[in-house]
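Fold and contact review
Read off the chains here:
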Amino acid sequence: MDVAITGADFLTCLGDADATFAALREGVDGSEPLRFYDTGRMGVTRGYHVDDEGEDQDEPALRAGRWLARCVDRAVRQAGIDPARERVSVIVGTGLRELRAVERWALDDVPVHRRDLHFDAAVRAVLPEVTEVITVSNACSASGHALALAQDMLAAGEADAVVAAGCDAMSESMLTMIGRVADTPTAALQPFQEGRAGVLLGEGAVAVVLQAGTAEGIRPLATVLGTGLSCDAHHETAPDVGGIVAAMRDAHGRAGVSPGDIGLVLAHGTGTALNDPTEAAALREVFDGAAPGPLVTGVKGAIGHTSGSAALMSLLIAVESIRTGSVPATVGLSEPIPQAAGLRLVVGEPADCDARVAQVNAFGFGGVNAVSIIRVDR
């Protein structure tokens, strides 16, 4: 079932949607020294922070929920739907929920209500009439899973519109975990780069409004043709070529497309030792024989790894790339890894693009993979 995207909004370290698109075209690296944390203890010194309005030296509470509420509200307003008159469900994909609030509660005695760790209150603060707010925590592919569930709900007739969303803020425990992987603090996130040093965290939120493509009067920003999922359980953290290929082929089958129909891929591209060669191998396998193959780019070098938000952020960047006919280069990439030989990676400068169909990759710990196929009609 084709599903129309009728409203969308997102927020990154580079700003709102318009500011983010503009910065991506310029190849801006949005990383900066970490705020709020004792970096000497963590082995990581840089990240991609969202600027909170009116932020001071103290770390604001419940940051992820605040960004989420803003994006959901703006996306719903753009779509022109009314939760008071229509059945509107919200599905939020997240990797960390409000984990930072729990850390501050435990370590700094900053209290938090348990109900605020779920995103129901944050969403209902701006849209009190929504039918339900569901949170799914599927690691770094979470908002891709939210998109898949939203498609299923519409196909089953369980909602008139569904908001698929994602949000995450940095947490001390997650920063400490990535700091233990690298021998020295990572200076830059460089997807598919030879000699890359590892991942850095980003943060932000994203929301898209989905309606059945046949609904009267709909003029979609894009159409979601299908989302493929796999859960290969290959390893706690390491990705698996077979699991990724399975998600890609599931997505193609659900979307009714072949590899040759796809002109653009937004890669997961985490800049890690394991993801990049594994993802490159999967792309080579799936697109073998589909010459010249799709353009391939990734955005984490510009906005960081935004965890649960990553899938839908990449999806909206794919939409803008097709709409404008210009694909942003992969920030931090100058010398691709050997395993990416044959892929049409966008390096250095934006690439012209006449594609109409794009693929969006998102992979999570434990082999929780989500791949979406979209079409944009100019």
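These lines cover the structure that appears in this document, whether it is placed above or below. Throughout this document, residue positions are counted from 1 along each chain, in the order its sequence is written. Totals for whole chains, interfaces and linings use every residue, but because this is a predicted model, local features are given only for residues with pLDDT of at least 70 and side-chain atom pairs only at 80 or more, for both listing and counting. By convention in this description, side-chain values take in all heavy atoms of the structure and omit both hydrogens and water.

**Let's talk about the sheet that holds strand 10 (residues 295-297)**
- With respect to topology, 11 strands assemble into an open sheet ordered 5-4-6-7-1-8-15-14-9-10-12, the strand pairing being mixed. Two strands close off the open sheet at either side, each with one partner strand: strand 5 (132-136) and strand 12 (344-345).
- Strand direction decides the pairing type here: strand 4 (residues 88-93) and strand 5, joined by 5 bridges, are parallel. Bridge pairing in strand 5 links Val92 to Thr135. For two strands to be treated as a pair, DSSP must find no fewer than two bridges joining them. Helix and strand assignments come from DSSP, with helices taken as H or I runs of at least 4 residues and strands as E runs of at least 2, each series counted from the N terminus.

**Some points on the state of the cysteines**
- Cysteine sulfur pairs qualify as disulfides if the two atoms are within 2.5 Å. Inspection of the entire model under this criterion finds 0 disulfides.
- Left without a disulfide partner, Cys167 is nearest to the cysteine sulfur of Cys71, which lies 9.0 Å away.
- No disulfide involves Cys231; its sulfur sits 14 Å from the nearest other cysteine sulfur, which is in Cys140.

**Looking at helix 7 (residues 241-255)**
- Each residue after the first adds 1.5 Å to the expected span of a helix. With 15 residues, helix 7 extends 21 Å between its outermost C-alpha atoms, agreeing within 8% with the 21 Å of an ideal straight helix rising 1.5 Å per residue.
- To sort residues, take the accessible area from a 1.4 Å probe on protein chains only and compare it with the maximum for the residue type: under 20% means buried, over 50% means exposed, and anything in between is partly exposed. Burial in helix 7 covers these residues: Gly243, Ile244, Val245, Ala247, Met248, Ala251, His252 and Ala255.
- In this analysis, two residues are considered to be in contact whenever any of their non-hydrogen atoms come within 4.5 Å of each other. Residues of helix 7 that are buried make contact with strand 8 (222-231), helix 8 (275-286), strand 14 (357-364) and strand 15 (368-375).
- Taking the backbone nitrogen of Gly242 as reference, a side-chain oxygen 3.2 Å away marks Asp240 as the first, capping residue of helix 7.
- In the segment just after helix 7, Gly256 is the residue with positive phi, at about 70 degrees. Polar contacts here mean pairs of N or O atoms no more than 3.5 Å apart (in protein, one a potential hydrogen donor and the other a potential acceptor; neighbouring residues in sequence count only if both atoms are side-chain atoms).

**What about the packing of helix 1 (residues 17-26) against helix 10 (residues 310-324)?**
- At a closest axis distance of 11 Å, the pairing of helix 1 and helix 10 adopts a crossing angle of 70 degrees. With respect to helix 10, the axis of helix 1 lies roughly perpendicular. Together, Phe21, Leu24 and Arg25 of helix 1 and Leu316, Ile317 and Glu320 of helix 10 make up the contact between the two elements.
- Considered class by class, the residues forming the contact of helix 1 with helix 10 number 4 nonpolar, no polar and 2 charged. Helix axes are fitted to C-alpha atoms over the stretch in contact, other axes to C-alpha atoms as well, and angles between N-to-C directions run from 0 to 180 degrees. Should an angle lie under 35 degrees it is considered roughly parallel, over 145 roughly antiparallel, and from 65 to 115 roughly perpendicular; all remaining angles are considered oblique. Throughout, the ten residues Ala, Val, Leu, Ile, Met, Phe, Trp, Tyr, Cys and Pro are labelled nonpolar, Asp, Glu, Lys and Arg are labelled charged, and all others, Gly among them, are labelled polar.

**Focus on the environment of Glu129**
- Within the secondary structure, Glu129 is located in the loop between helix 4 (120-124) and strand 5.
- Taking the C-alpha atoms as reference points, Glu129 and Ala247, 118 residues apart in sequence, are found 35 Å from one another.
- With residues near it in sequence (within four places) discarded, Glu129 still touches Pro83, Ala84 and Arg124.

**Thoughts on empty space enclosed by the protein**
- Here a cavity denotes grid points, spaced 1 Å and computed from the protein atoms alone, that fit a 1.4 Å probe unable to get out, and a pocket denotes an open set having protein on both sides within 12 Å along at least 5 of 7 lines; residues with an atom within 4 Å of a point are the lining. Grid points are joined across faces, edges and corners, and a volume is the space filled by probe spheres set on the points. Counted according to the given criterion, the structure contains 4 cavities of 30 Å³ or more.
- Computed from the structure, the largest cavity encloses a volume of approximately 70 Å³.
- Forming the walls of the largest cavity are Phe21, Leu24, Arg25, Ile317, Glu320, Ser321, Thr324, Ser326 and Pro328.
- The set of elements that each furnish at least two residues to the lining of the largest cavity consists of helix 1 and helix 10.
- Counting residues per element, the lining of the largest cavity draws most heavily on helix 10, at 4 residues.
- Its residues assigned to classes, the lining of the largest cavity shows 4 nonpolar, 3 polar and 2 charged.
- By volume, the second largest cavity amounts to about 50 Å³.
- Pro60, Ala61, Leu62, Arg63, Glu98, Arg100, Ala101 and Arg104 together form the lining of the second largest cavity.
- Top element by residues in the lining of the second largest cavity is helix 3 (residues 99-108). It accounts for 3 residues.
- Looking at the lining of the second largest cavity, its residues break down into 4 nonpolar, no polar and 4 charged.

These figures capture arrangement, not role.
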